[in-house]
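# Commentary on secondary and tertiary structure
So you can see what is in the structure, the chains are spelled out below.
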Amino acid sequence: KKVEDFVKKNLPQSALAEVKKIYQLAKKEKQDAQVIKSLVYMTGLQSENREDNEVLSIREIEKEIIGSKEPVTSILNSLLAEMYWSYYQQNRWDLYNRTKTTDFKKDDIATWGAEDFHKKIGELYQRSLKDEKLLQQTKLSPFDAIIIKGNVRHLRPTLFDLLAHRALRYF
């Protein structure tokens, strides 16, 4: 409620400070859904007062993936793929005119071409579905905090179903 109040009052810095507290507490208490939700909130709040937020947020999510365990890793891979897709969509006009580079270390996504983005996004969505058995056994209820509920929950009863539909939307 505090975060929402700060957002309504147009105080993103104060809201971000509260979200970071929630993030730390969620990490400490191992509340995976709240960790993911706070990461999404931080990304959004930082966009208002941080230059190159998209690139920096992508790096932050990549670091978070390294220290996470399944099924959180799968969710974060799907989220990261969506972030790359969003960056690509916003910069597509610039990417189509780029020439292909060879023998070039592509650490900075600002130097990537369209093909590089599609390769990375595809890999991330496939990685998000890698642990198929576990995801098929994982119900969505522990992740209610991060899922926008519709009226057809029975069509996607497991985490695998949800992540697979996200991947299919891209492919």
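Above: the structure in question.
So, a few notes on the structure that sits alongside this text. (Residues numbered from 1 in each chain as written. Predicted model: local features only at pLDDT ≥ 70, side-chain atom pairs only at ≥ 80, totals over all residues. Heavy atoms only, no water.)

## Quick word on the environment of T43
Quick reminder of the rule: Starting at the N terminus, helices and strands are each numbered in turn, a helix being any DSSP run of H or I of at least four residues and a strand any DSSP run of E of at least two. A 1.4 Å probe rolled over the protein chains alone gives each residue an accessible area, and that area as a share of the maximum for its type sets the label: buried under 20%, exposed over 50%, partly exposed in between. Contacts were defined at the residue level, with two residues in contact if any of their heavy atoms lie within 4.5 Å. We call two N or O atoms a polar contact when they sit within 3.5 Å, provided that within protein one can donate a hydrogen and the other can accept it, with sequence-adjacent residues counted only if both atoms are side-chain atoms.
Residue placement: T43 occurs in helix α3 (residues 32-46). On the basis of relative accessibility, which here comes to 19%, the residue T43 falls in the buried class. Separated by 15 residues in the primary sequence, T43 and I58 place their C-alpha atoms 8.9 Å from one another. Among all residues touching T43, those that are not within four sequence positions of it are N53, S57 and M83. A polar side-chain atom of T43 sits 3.0 Å from the main-chain carbonyl oxygen of L39.

## Quick look at the nonpolar core
Going by this rule: Here, nonpolar core means buried Ala, Val, Leu, Ile, Met, Phe, Trp, Tyr and Cys residues that are tied together by side-chain atoms lying within 4.5 Å of each other.
Ranked by size, the top nonpolar core spans 44 residues in total, and within it L80, Y84, I109 and F117 carry the most contacts. Sorting the residues of this core by element identifies α2 (12-28), α3, α4 (53-66), α5 (72-95), α6 (114-128) and α8 (159-170) as the ones contributing at least two each. Top element by residues in this core is α5. It accounts for eleven residues.

## Some details on the packing of aromatic side chains
The condition is simple: Stacked, edge-to-face and tilted are the three classes for Phe, Tyr and Trp ring pairs, Trp counted by its six-membered ring, which pair at centre distances within 6.5 Å; planes under 30 degrees apart are stacked, over 60 edge-to-face, the rest tilted.
Applying the stated rule across the entire model yields ten aromatic pairs. On the numbers, 6.4 Å between centres and 65 degrees between planes, the contact of Y84 with F117 is edge-to-face. Residue Y84 is located in helix α5, and its partner F117 is located in helix α6; the two are separated by 33 residues in the primary sequence. Side by side, Y84 and F117 carry an identical accessibility label, which is buried. Look at W85 and Y170: their rings are 5.1 Å apart centre to centre, the planes differ by 80 degrees, and that puts the pair in the edge-to-face class. Remark: Y170 occurs in helix α8 and W85 occurs in helix α5; sequence separation between them is 85 residues. Since its relative accessible area comes to 27%, W85 is described here as partly exposed.

Everything listed is a geometric property; what it means functionally is a separate question.
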